[in-house]
Amino acid sequence: MLVKTYGSAVFGINANRITIEVNVDKGVNFHMVGLPDSAVKESQQRIITALRNSELNFPGKEIVVNLAPADIRKEGSAFDLPIAIGILAASGQIKNDRLEEFVIMGELSLDGGLQPIRGILPMAMQAKKEGLKGMIIPKPNASEAAIVDGLEVYGAENIKEVADFLNGDLILKAHEPMIRMAEVNGRKYLPDFSEVKGQENIKRALEIAAAGGHNIILIGPPGAGKTMLAKRLPSILPPLTLDEALETTKIHSVAGRTKRNVSLITTRPFRSPHHTVSDVALVGGGTVPQPGEISLAHNGVLFLDELPEFKRNVLEVLRQPLEERHVCIARAKMSVEFPASFMLVASMNPCPCGFHNHPERNCVCGPGIVQKYLNRISGPLLDRIDLHVEVTPVPFRELTLDRASENSRAVLERVVMTRSLQEKRFQTIPGVYNNSQMGPAQIKLFCQLSSGGVEILRKAVENLGLSARAYDRILKVARTIADMDGQQDIATEHLAEAINYRSLDRSGWAG
């Protein structure tokens, strides 16, 4: 008897429907075809043991399992459940009249229990797109899949429950979508700007970065507060939109990083990999391509502390994703694209000893050492960082003041207001949502300067030796500063402030 069940395979952050065809006939053998990997092939032993321990029978006949389409490689243990259900249906142990309504996925334990799997959200979205009625999946994955509106999601604890449900002997209640709005309650647990003493100019730069989605690097001596300030940036970033939340959750679902009973990621990611990270761990890859840190930081922040300590080849792979906001992982048999639209926030010491340009302490680095240290970061990478901000130590009198600093909520209100202006400006331009994402056409249209502004920028380009990319970055930052002031036109003071945030472009800075 031939029976078909439906599963799903994830490639990148999208899913394809897989048809599992099971035929049970006379003979004694088991064949599995359709380009399964070793984990899928091993499902035979898990299925046999799970069925026996669940008081179900594994038929002693010839069983042929075909995973179609055959040109797509099937990977992982998530095909255990649909194959097992197909075997049960083909051997007459369960009814097959409802199988075509569901995508069935899950990993089997030897006792018949169902283990959670990766990538359940893209699978659910694909099932809805193809018009299927619902999904039967492990119970821990049900909250995540139930985000998809109009899809009935049934979470089961073991294969016996699934079999009884399909036979009509057990009623499983469709999982109610329960989106936990962590953004509402979670912000109060984020580090707050009110805890920062002094550093008003650095807070201003971080507010500009948040308001326009700009990349920023903080340069200063040890203990000046670079890391502390960077970790407070998420508290002033605007909430995720629903589309952003869904896309972010898809990436984390594919990577297996979604938490149990949290259906939707509603806070912007903050990823902070150690400087020993490899280039594959940072951008993604592997034999079966998986998202890296830059994709896990999509719609959020990638924080690289002690930037010069990262390997040169690791930093250089950031250049293309910073420009294109996605990364393509190419392999001999496949090519997978992951989103990578993130804010890069970096910090670094100005020299190996950390005290170059310190107002009170002397640098002990020898001649040329400072420049050699800065040269660990290539010019093209620095060009892609919009704001270069020098962080100076907080004076003792600032540390002892009882005066309350402005809290993150007040700054967030201004950032949200500025972002709303940008959303209106770019509402007819696909793929552009904030000033940092403007291309040459948008810069020409929205960043026009007065004759005085053109002259200021000309002198800055000549004196600082700026590249064309740095020129564009200055205009984008100036546009954001003007938006923060509620100004339609970019004034000379907006442009001057933007130019001031190009510290590392200044000739002689390391001298």
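Residues numbered from 1 in each chain as written. Predicted model: local features only at pLDDT ≥ 70, side-chain atom pairs only at ≥ 80, totals over all residues. Heavy atoms only, no water.

Topic: the overall build of the protein chain
Selection rule: Numbered from the N terminus, helices here are DSSP runs of H or I no shorter than four residues, and strands are runs of E no shorter than two. Type-normalised accessible area, obtained with a 1.4 Å probe on protein chains alone, sets the label of each residue: buried when under 20%, exposed when over 50%, and partly exposed for intermediate values. Residue-level accessible areas treat just the shown protein chains as cover; the underlying method is Shrake-Rupley with a 1.4 Å probe. This count recognises Lys and Arg as positive and Asp and Glu as negative, with His and chain-terminal groups excluded. Think of each charge as sitting on NZ of Lys, CZ of Arg, CG of Asp or CD of Glu.
Broken down by element type, the protein chain carries 22 helices and 18 strands. Taking the principal axes of the C-alpha coordinates as reference, the protein chain spans close to 85 × 50 × 45 Å. Buried residues in the protein chain amount to 53% of all 511 residues. Just so you have it, the protein chain exposes about 23,100 Å², and 49% of that area is on carbon and sulfur atoms. Between the averaged position of the 59 positive side-chain charges in the protein chain and that of its 58 negative side-chain charges there is a distance of 2 Å.

What to know about the pattern of salt bridges
As a reminder of what qualifies: For this document, the term salt bridge refers to a Lys or Arg side-chain nitrogen within 4 Å of an Asp or Glu carboxyl oxygen.
Counting across every chain of the model gives 25 salt bridges. Measuring nitrogen to oxygen at the nearest pair gives 3.5 Å for the salt bridge that ties Arg 376 to Glu 309. One end of the pair, Arg 376, is in the loop between α15 (369-374) and α16 (379-383); the other, Glu 309, is in the loop between β14 (301-304) and α13 (312-316), and 67 residues separate them in sequence. The class for Arg 376 is partly exposed, based on a relative accessible area of 36%. Glu 323 is the salt-bridge partner of Arg 473, the closest N and O atoms lying 2.9 Å from each other.

What about the side chain of Thr 248?
Here is the rule we go by: Nitrogen and oxygen atoms within 3.5 Å of one another constitute a polar contact, given that in protein one can donate a hydrogen and the other can accept it, and given that sequence-neighbouring residues count only through two side-chain atoms. It only takes one pair of heavy atoms within 4.5 Å for two residues to be counted as in contact.
Within the element layout of this structure, Thr 248 appears in helix α10 (residues 242-254). For Thr 248, the side chain forms a polar contact with the main-chain oxygen of Glu 244, separated by 2.7 Å. Sequence-distant contacts of Thr 248, defined by excluding residues within four places in its chain, comprise Leu 240, Ile 265, Pro 269, His 298 and Asn 299.

A closer look at the sheet that holds strand β18 (residues 387-390)
Within a sheet, each strand pairs with its neighbour through backbone hydrogen bonds, oriented either parallel or antiparallel. What counts here: Note on pairing: two strands pair once DSSP finds at least 2 bridges between them.
Reading across from one edge, β11-β14-β17-β10-β18 is the order of the five strands in this open sheet, with parallel pairing throughout. Only two strands of the sheet have a single neighbouring strand rather than two, namely β11 (270-271) and β18.

Remarks on the pairing of strand β4 (residues 62-68)
The side-chain alternation of β4 yields one buried face, formed by Ile 63, Val 65 and Leu 67, and one unburied face, formed by Glu 62, Val 64, Asn 66 and Ala 68. Two strands pair when backbone bridges link them, and strand β2 (residues 14-25) and β4 are joined in this way by seven bridges, in the antiparallel orientation. By the bridge assignment, Asn 23 is partnered in β4 with Val 64. One ladder, built from five bridges, connects strand β3 (residues 29-33) with β4; its direction is parallel. Paired with Val 33 across the bridge in β4 is Asn 66.

Quick look at the packing of aromatic side chains
Short version of the rule: Pairing of aromatic side chains requires ring centres within 6.5 Å, counting the rings of Phe and Tyr and the six-membered ring of Trp. Pairs whose planes differ by under 30 degrees are stacked, by over 60 edge-to-face, and all others tilted. Here, a charge over a ring means that NZ of Lys or CZ of Arg falls within 6 Å of the ring centre while also lying within 35 degrees of the ring normal.
All chains considered together, the criterion is met by six aromatic pairs. Taken together, a centroid distance of 5.6 Å and an interplanar angle of 85° make the contact between Phe 426 and Phe 446 edge-to-face. Of this pair, Phe 426 sits in the loop between α18 (408-425) and α19 (440-446) while Phe 446 sits in helix α19; the two residues are 20 residues apart in sequence, bridging distant segments of the chain. What makes Phe 426 buried here is its relative accessible area of 2%. The cationic tip of Arg 361 hangs over the ring face of Phe 355; the distance from NZ or CZ to the ring centre is 4.0 Å. A cation over an aromatic ring shows up here: Arg 425 above the ring of Phe 446, its NZ or CZ 5.9 Å from the ring centre.

Comments concerning helix α3 (residues 80-90)
Since the α-helix advances by 3.6 residues per turn, residues separated by three or four positions end up pointing in the same direction. Counting buried residues in α3 gives 11 out of 11 residues, a clear majority hidden from the surface. For α3, the full list of buried residues reads Asp 80, Leu 81, Pro 82, Ile 83, Ala 84, Ile 85, Gly 86, Ile 87, Leu 88, Ala 89 and Ala 90. With its phi angle positive at about 80°, Gly 92 sits one or two positions after the end of α3.

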